[in-house]
Amino acid sequence: MIRYALHCDRKHEFESWFQSSSAYDSQVKRKLVTCPICGSAKVDKAIMAPRIVSKKGRATPPVEPATTPAPEAAPSGSTSLMMAQERELRTKLKELRDHIVKNADNVGERFANEARAMHYGDKEHRPIYGEASPDEAKSLIDEGIEVSPLPTLPEDRN
């Protein structure tokens, strides 16, 4: 994933995430990238500082431009700054999570043991979810046990 700082022909500034630079180019060409403030499809990349990863694997924060003009106020009735595709993706992720929570048993911290017992035939298979440390999840995957994290959204972290 790559994050681009963008601006429209009316000088509104915003950011968006793309799968790759070619995905950005393709979406701009098809006029799928629009300004969330005014709706203009005339969008260009703004000058950005690169994010550099040090030897320790920690990203150093990008250097901010010396002057950044204040964004103009959004006209009344405008949509959120989030792109329509991002809102749709969040909605789908929330629906998926809600479906899992409604239709599976929460086994909490016993997740790894329960998943392992079902995989090896010690317990009857049923849909479950719960908690597992990164090491436990890796161990399950290494054993051929299919696991996936429950989707979390930014609003879940409040």
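Going by the structure above, here's the rest.
The following paragraphs examine the structure supplied in this document. Predicted, not measured: the structure shown is a model, and the values here were computed from it.

A few words now on the state of the cysteines. Inspection of every chain in the model, using the stated rule, returns zero disulfides. Of all cysteine sulfurs, the one in C38 lies closest to C8, which takes part in no disulfide; the gap is 3.8 Å. Left unpaired, C38 is separated from the closest cysteine sulfur, that of C35, by 3.7 Å. Since its relative accessible area comes to 26%, C38 is described here as partly exposed.

Turning our attention to the pattern of salt bridges. Inspection of every chain in the model, using the stated rule, returns nine salt bridges. A salt bridge links R3 to E15, with the nearest nitrogen and oxygen atoms 3.8 Å apart. Here the residue R3 occupies a position in strand 1 (residues 2-8), and E15 occupies one in strand 2 (residues 13-18), the gap between them amounting to 12 residues. On the accessibility criterion, E15 (47% relative accessible area) is partly exposed. Across the pair E114 and R110 runs a salt bridge whose closest N-O atoms are separated by 3.8 Å. Given the relative accessible area of 47%, R110 is considered partly exposed. Residues participating in the shared-partner salt-bridge network are D105, R110, E114, K123 and R126.

Here the focus is the nonpolar core. Core analysis: the biggest nonpolar cluster contains 11 residues, these being Y4, L6, C8, F14, F18, Y24, V33, C35, I37, V43 and M83. Counting only elements with at least two residues in this core, the list comes to strand 1 and strand 2. Broken down by element, this core gets its largest block of residues, three residues, from strand 1. Those residues in contact with F18, other than ones at most four positions away along the chain, are M1, I2, Y4, L6, Y24, Q27 and V33. If you look at the next biggest cluster of nonpolar residues, it comprises eight residues, including F111, A115, I128 and I145.

What follows deals with the sheet that holds strand 1. Here we have three strands laid out as an open sheet, ordered 2-1-3, and antiparallel in their pairing. Across the chains shown, the open sheet's two edge strands, defined by having one partner strand only, are strand 2 and strand 3 (43-45). Going from strand to strand, the sheet's axes swing by 40° on average, the running direction of each strand aside. As paired strands, strand 1 and strand 3 are joined by three bridges and run antiparallel to one another. Each bridged residue has a counterpart across the sheet, and for L6 the counterpart in strand 3 is K45.

What follows covers unusual backbone geometry. In this model, K11 sits at a positive phi of 70°, which is unusual for a non-glycine residue. By secondary structure assignment, the location of K11 is in the loop between strand 1 and strand 2. For K31, which is not glycine, the phi torsion reads 60° and is therefore positive. Counting through the fold element by element, K31 comes out in the loop between helix 1 (21-29) and strand 3.

Parameters at a glance
Residues numbered from 1 in each chain as written. Predicted model: local features only at pLDDT ≥ 70, side-chain atom pairs only at ≥ 80, totals over all residues. Heavy atoms only, no water. Disulfide = S-S within 2.5 Å. Buried < 20%, exposed > 50% of the residue type's maximum accessible area, 1.4 Å probe, protein only. Salt bridge = Lys/Arg side-chain N within 4 Å of Asp/Glu carboxyl O. Helix = DSSP H or I, 4+ residues; strand = E, 2+ residues; numbered from the N terminus. Core = buried A, V, L, I, M, F, W, Y, C linked by side-chain atoms within 4.5 Å. Contact = heavy atoms within 4.5 Å. Pairing = 2+ DSSP bridges. Axes fitted to C-alpha atoms, helices over the stretch in contact; angles between N-to-C directions.

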